[in-house]
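Chain and residue survey
One-letter residues, chain by chain:
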Amino acid sequence: MTRQRPNYLAGFGSLVWLGLIGLPLYVLLIATFRTQSSYSSEGPLTFPHHLTLQNYATAFSNGFGQYFLNTLIVTASVVAIVLLVVPPLAYTVVRARGRTVSLVFRLFLLGLAVPVQAVIVPMFYLINQAGLYDSLIGLILPTAAFSLPVCTLVLTGTMREITSELYEAMTMDGASPFRVFWQLVLPLSKGGLSSIVVFAALQAWNGFLFPLILTQSDSSKVVTLGLFNFQTEHGVNAPGLLAAVVLSMLPIFIVYLFARRALVQGLMGVGGK
Amino acid sequence: MSALSIATRTGRARARRSGAGATRPGIAWAAPATLFFLLFAIVPLVMVLVLSFTNWNGLSSPQFNGFANFSKLLDDPVMRQSIGLTLLLTALGVLTQTPISLLLGVWAAGPQRNRAVLSAVFFIPLLLSATAVSVVWRAILDPNFGLPAQMHWLFGNGNLLGSQSGSIGVLTFVGLWQYAPMHALIYQGGARAIPEVLYQAAAIDGAGRFRQFFHITLPQLRTTMVTSVILMVVGGLTTFDTVLILTQGGPGTDTTVTAYYMYEQAFQSFNYGEASAIALVLVVVATLVSLIVVRLSGYGSMRSEMEGL
């Protein structure tokens, strides 16, 4: 489309938003490289004279190495569970006939409307009863379960776009449901699969309520909970706290730098459904 | 979107007519996910319903007490206030986030190259956890060491979180900062799907940018807007992380929203029965508000798309 004149209003608006997004990120990043005394005396905006890595050391000495590892384990496990159970489910929803399957799909649609907050009390009880309180497994299972509805919706959306001609062609060749799934459905659902990986990973990495309620000790703490505890315990050490924040977002940020298109497209896929 | 669902439906009808029975998976394929979901989401949901009619401190076994929790909540000024606050924050969230994310998304959907680079920065907040965002803003808005100490002309005495209106303003602003990019992304996807022909035709008719926006972009984004608003409403009604980290429901109980009140009742006062009743109220309110949004917007097409079996 040829545009006749530059859109000054939009340009101005985007500059304002750039400032709103950029300023806190600038403060965040700069604060982590300055000493606590420089932060409190010079204020968060001025560029420090003297840079230090001490804050990152503080974050690590407060257990963030361990929290980091825990978060990685939780995230990887949640993604693995989602990848294991959602594709067969979505395949069934799209291809199987009958009332049971539409009932199953409705169950997951109902799940979309259930906020995590609503079930946190019984979840606390169940996880305790199962002896999983304060363990990574006790965190992984509910987190994975609550990313199922969105993932199912997204992936069924993708799988519906596979035309029935393709299924028929494979059936003519005498393919079993498993071969159809493996050789036709999965390869043609790559977009949806990457969407659900992105969604599930972000949910797990950034999750807060389940860790807050279901874990306690340092050995099973994840980064979000670590941040919260760091703030309640050493809130005055803003540079140290913010260094921990930067560490907590670093992995996602690296993925964003190198695979921004896939990540954004993935999230767009989630939002579009 | 609806065109797509119509296409798949006719495709399916054709398949049925031609009589070629393709191999179909059995229901067993859905069993692992379904059982898992039943156990970790539906069972707890049913338990919330049961527990909301009990008195339970977490140690002894739950005692049925009928509607006592609910009648207690009806008389509880903090609970009543919390519902008002939650609805207010949700409304403020929708009203601030919708215009900004709509404009951002439509802007980012445009063809210029510099937009891709700028959007890369614009969308950063959606990578961050609510925890990280709240922690960062709390540090930045700290009255002694944050920006308010340096910018008195903007922040006055600087103690933004010391008053109810200030706290609500901060919660709304932080929500906007964090969630507008996510919704902008949704709108960007929607705006990209608008057929270019519409704009070309409008340009030939001499419609300017504003008329194109109001007569093509906005009506075409109707479905997208409903999706986005529902997500905002459900997110707004269950706001918890930001409140816990930024205000702890304070000053006093001035920002004690419903989800936070439930958390306090359950995990600080150990009134699990009452907390379950609050949770149930939350689910019911969230479902009702979503249904109202769907109804008001005449969202019939989405329904057939979701259930298009």
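About the thresholds
- In every chain, residue numbers begin from 1 and rise along the written sequence.
- Going through the entries in the order they are written, you letter the chains from A and number the ligands from 1.
- Two thresholds apply to this predicted model, a pLDDT of at least 70 for residue-level local features and 80 or more for giving and counting side-chain atom pairs, whereas whole-chain, interface and lining totals are computed over all residues.
- Helix and strand assignments follow DSSP, with helices taken as H or I runs no shorter than four residues and strands as E runs no shorter than two, numbered in order from the N terminus.
- Neighbour density around each residue's C-beta defines its exposure: 20 or more other C-beta atoms within 10 Å make it buried, 12 or fewer make it exposed, and counts between make it partly exposed, where C-beta atoms are placed from the backbone.
- In this description, a residue-residue contact is defined by the distance between C-beta atoms placed from the backbone, which must lie within 7 Å.
- Here, a nonpolar core means buried Ala, Val, Leu, Ile, Met, Phe, Trp, Tyr and Cys residues linked by C-beta atoms lying within 7 Å of one another.
- Here, axes are lines fitted to C-alpha atoms. For helices the fit covers the stretch in contact, and angles between N-to-C directions go from 0 to 180 degrees.
- Orientation labels follow simple angle bins: below 35 degrees gives roughly parallel, above 145 gives roughly antiparallel, 65 to 115 gives roughly perpendicular, and whatever is left gives oblique.
- Helix crossings get a hand from a simple test, with the near helix turned counterclockwise from the far one by less than a right angle marking a left-handed crossing and a clockwise turn marking a right-handed one.
- Any residue outside Ala, Val, Leu, Ile, Met, Phe, Trp, Tyr, Cys, Pro, Asp, Glu, Lys and Arg is labelled polar, Gly included; the first ten of those are nonpolar and the last four are charged.
- For a helix, the expected span equals 1.5 Å multiplied by the number of residues minus one.
- Known as pLDDT, the predictor's confidence for each residue is given on a scale from 0 to 100.

The secondary structure content of chain B amounts to 16 helices and two strands. Counting across all 309 residues of chain B, residues that qualify as buried make up 41%.

Another aspect to go through is the overall build of chain A. Within chain A, the secondary structure is distributed over 13 helices and zero strands. Secondary structure of chain A in N-to-C order comes out as α-α-α-α-α-α-α-α-α-α-α-α-α. The dimensions of chain A, computed from C-alpha atoms along their principal axes, are 75 × 65 × 30 Å. Counting every position in chain A, which comprises 273 residues, the buried fraction comes to 52%. Within chain A, contacts between residues at least 6 apart in sequence are counted, and of these 77% link residues at least 24 apart.

A positive phi is found at A:D134, a non-glycine position, where the angle reads about 65°. Structurally, A:D134 is set in the loop between α5 (116-129) and α6 (136-160). Positive phi, normally seen in glycine, also occurs at B:Q248, with a value near 50°. Tracing the chain through its elements places B:Q248 in the loop between α13 (241-246) and α14 (258-267).

As for its placement among the helices and strands, B:Y199 is situated in helix α10 (residues 196-204). Residues B:Y199 and B:R209, spaced 10 residues apart in sequence, show a C-alpha to C-alpha distance of 9.6 Å.

Once that is clear, we can look at the nonpolar core. A:V82, A:V86, A:C151, A:L242, A:V245, B:V136 and B:A279 are the most contacted members of the largest nonpolar core, which totals 167 residues. Among the elements that make up this core, the one with the highest residue count is helix α3 (residues 54-95) of chain A (16 residues). The contacts of B:V136, once residues within four sequence positions are left out, are A:P24, A:L28, A:L242 and A:V245.

Take α14(B) next. Counting buried positions along α14(B) yields eight of 10 residues, so the element is predominantly enclosed. All of the buried residues along α14(B) are B:T258, B:A259, B:Y260, B:Y261, B:M262, B:Y263, B:Q265 and B:A266.

A word on the packing of helix α4 (residues 77-108) of chain B against helix α9 (residues 164-192) of chain B. Residues and elements named next belong to chain B. Interhelical geometry of α4 versus α9 gives an angle of 40° and a closest axis separation of 6 Å. In terms of axis orientation, α4 runs oblique to α9. In terms of crossing hand, the pair formed by α4 and α9 is right-handed.

Each side of the interface is counted separately: chain A has 86 residues, and chain B has 82 residues. Here the element with the most residues in the side of chain A that touches chain B is helix α1 (residues 8-31) of chain A; it accounts for 12 residues. Per-class residue counts for the side of chain A that touches chain B are 60 nonpolar, 21 polar and five charged.

Here helix α15 (residues 272-296) of chain B contains 25 residues, and its C-alpha end-to-end distance of 36 Å stays within 8% of the 36 Å for a straight helix at 1.5 Å per residue. Turning to α15(B), its buried residues are B:Y272, B:G273, B:E274, B:A275, B:S276, B:A277, B:I278, B:A279, B:L280, B:L282, B:V283 and B:A286.

So, about the confidence of the model for chain A. For chain A, mean pLDDT is 86; residues scoring 70 or higher make up 96% of the total. Per-residue pLDDT, averaged within each element of chain A, yields its smallest value for helix α13 (residues 260-271) of chain A (71) and its largest for helix α10 (residues 209-214) of chain A (94).

This part covers the environment of A:F181. Relative to the helices and strands, A:F181 resides in helix α8 (residues 177-188). Taking the C-alpha atoms as reference, A:F181 lies 42 Å from A:Q216; in sequence the two are 35 residues apart. Apart from the residues lying within four places of it in its own chain, the contact partners of A:F181 are A:Y91, A:L186 and B:P25.

Reading predicted coordinates in detail is not appropriate for stretches of low pLDDT. Residue and element names in this part refer to chain B. On average, residues of chain B score 82 in pLDDT, and 88% of them reach the 70 mark or higher. Per-element averaging of pLDDT across chain B places helix α16 (residues 300-306) at the bottom with 41 and α14 at the top with 93. Counting contacts from residues 1-20, a segment whose pLDDT is below 50, to residues more than four positions away or on other chains yields 18 contacts. Segment residues 300-309 is flagged for pLDDT under 50; beyond a separation of four residues in sequence, or across chains, it makes 12 contacts in the model. Both confidence scores are given for the complex: pTM 0.86, ipTM 0.87.

This paragraph deals with the environment of B:G84. Here B:G84 lies in helix α4. Distance from B:G84 to B:T258, taken between C-alpha atoms, is 8.9 Å for residues 174 residues apart in sequence.

Residues and elements named next belong to chain B. Two numbers describe how α4 lies on helix α12 (residues 222-237): the axes approach to 8 Å, and their chain directions differ by 145°. The handedness of the crossing between α4 and α12 is right-handed. Residues T86, L89, T90, G93, V94, Q97 and T98 of α4 pack against V229, M232, V233, G236 and L237 of α12. Considered class by class, the residues forming the contact of α4 with α12 number six nonpolar, six polar and no charged.

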